Amino acid sequence: MKPEQERLEKAKRNAALEAVKHVKTNFVVGLGSGSTAAYAIEEIGNKIKREGLRVLGVPTSHQAFTLAVEHEIPITTFEKHHQIDLTIDGADQIDDELNLIKGMGGALTREKIVASVSKSLVIVAEESKKVKILGQNNHPLPIEVLPFAAPILMHKISGIGGKPVLREGTKKVGPVITDNGNFIIDASFGSIPQPAELELKLKGITGVVETGLFIEMADVVYLGKPDSTERIERKK
Ligand code: 5RP
């Protein structure tokens, strides 16, 4: 691994290790998706083996599910548990109010459902994910959509000022299919100073399944650096 990549991975791991300190025995834990959340899943598995930690996991994606199985974290479902004690998940951008853009890994809908029933949402990310305003640097907002409606939604998203791109597979021809069988539209809106307004507009369009805007959901963010971690709490 190149030194720069090594520093990045260390930063992600540092954030994840801090977040896992929130996990207590008998917790139902939401297991986030992406490369940073993966370190948290691994560490929860280590604690189960090393310290006899007893938890049940609710994976937010197929990736999180397979990691949970690999690290021997017992799984539960919404049939058995309607509330989650703590979810640890990653993010693509984090603003000053701890609003988030999520979904570059395509798992935003399940991640948001799990976050919505979590008593506490702890976000883990390396420090470059922190921005002043969401959408900064033209970062796209992932939007999960019903395939049938996708062409109309591309048009409607343009109508409200977005630049939509249908997410294409890399090792598959055609669009990416989410764990829910849907498409993802990545839409650039430029800076998003009023994310709640944009969320309302987007959720008002029939055919939109979910957006990657997580507004006032994160309680704590751990921003990992190669040699330390910064903790930020949301002001309530
Ligand atoms: C997946 C997500 C991820 O949590 C987000 O993309 C961050 O991933 P990574 O930690 O690999 O940068 O929202 O839908």
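Up top is the structure.
Rules of the game
- Residues numbered from 1 in each chain as written.
- Predicted model: local features only at pLDDT ≥ 70, side-chain atom pairs only at ≥ 80, totals over all residues.
- Heavy atoms only, no water.
- Buried < 20%, exposed > 50% of the residue type's maximum accessible area, 1.4 Å probe, protein only.
- Helix = DSSP H or I, 4+ residues; strand = E, 2+ residues; numbered from the N terminus.
- Pairing = 2+ DSSP bridges.
- Axes fitted to C-alpha atoms, helices over the stretch in contact; angles between N-to-C directions.
- Contact = heavy atoms within 4.5 Å.
- Near = heavy atom within 4 Å.
- Polar contact = N/O pair within 3.5 Å; in protein donor to acceptor, adjacent residues only side chain to side chain.
- Areas by Shrake-Rupley, 256 points an atom, 1.4 Å probe, with all protein chains shown as cover.
- Patch = residues over 30% accessible without salt bridge, like charges linked within 9 Å, V, L, I, M, F, W, Y side chains within 5 Å.
- Salt bridge = Lys/Arg side-chain N within 4 Å of Asp/Glu carboxyl O.

Enquirer: Sorry, what's going on with the pairing of strand β9 (residues 183-188) here?
Expert: Along any regular strand, the residues point their side chains to alternate faces of the sheet. Within β9, 6 of the 6 residues are buried, leaving the element largely enclosed by the surrounding structure. Both faces of β9 are covered, namely the face carrying Phe183, Ile185 and Ala187 and the face carrying Ile184, Asp186 and Ser188. In terms of strand pairing, strand β7 (residues 141-145) meets β9 through 5 bridges, oriented antiparallel. Counted as the bridge partner of Ile143 is Ile185 from β9. In this sheet, β9 lies alongside strand β8 (residues 163-166) in antiparallel orientation, the contact comprising 4 bridges.

Enquirer: Please clarify how the sheet that holds strand β13 (residues 229-233) should be interpreted in this entry.
Expert: Within a sheet, adjacent strands bond to each other through the backbone by hydrogen bonds, running parallel or antiparallel. In spatial order, the strands read β2-β1-β3-β6-β12-β13; together these 6 strands make up an open sheet with mixed pairing. In this open sheet, the two strands that pair with only one neighbour each are β2 (56-59) and β13. If you compare each strand with its neighbour and ignore which way they point, the axes differ by 20° on average. Pairing geometry for strand β1 (residues 28-31) and strand β3 (residues 86-89), over 3 bridges, is parallel. Each bridged residue has a counterpart across the sheet, and for Val29 the counterpart in β3 is Leu86. Sitting on the sheet, helix α1 (residues 3-20) is in contact with β3, β6 (121-126), β12 (220-224) and β13, with an inclination near 165° to β6.

Enquirer: Could you clarify how one ought to interpret the site of the ligand in this entry?
Expert: In the vicinity of the ligand lie 17 residues, with Ser33, Ser35, Thr36, Asp92 and Lys129 positioned nearest. The separation between an oxygen atom of the ligand and a polar main-chain atom of Ser33 is 2.8 Å. The separation between an oxygen atom of the ligand and a polar side-chain atom of Lys102 is 2.9 Å. Protein contact buries 90% of the 380 Å² of open area that the ligand shows by itself. Looking at the shell around the ligand, the elements with two or more residues in it are α2 (35-51) and α4 (108-116).

Enquirer: Explain a nonpolar patch on the surface here, please?
Expert: Among the surface-exposed residues, Phe65, Val69 and Ile75 lie close enough to one another that they form a single nonpolar patch of about 240 Å² accessible area. Tracing the chain through its elements places Phe65 in helix α3 (residues 62-70). Its relative accessible area of 36% is what places Phe65 among the partly exposed residues.

From the geometry alone we can't say anything about function, so treat these as descriptive.
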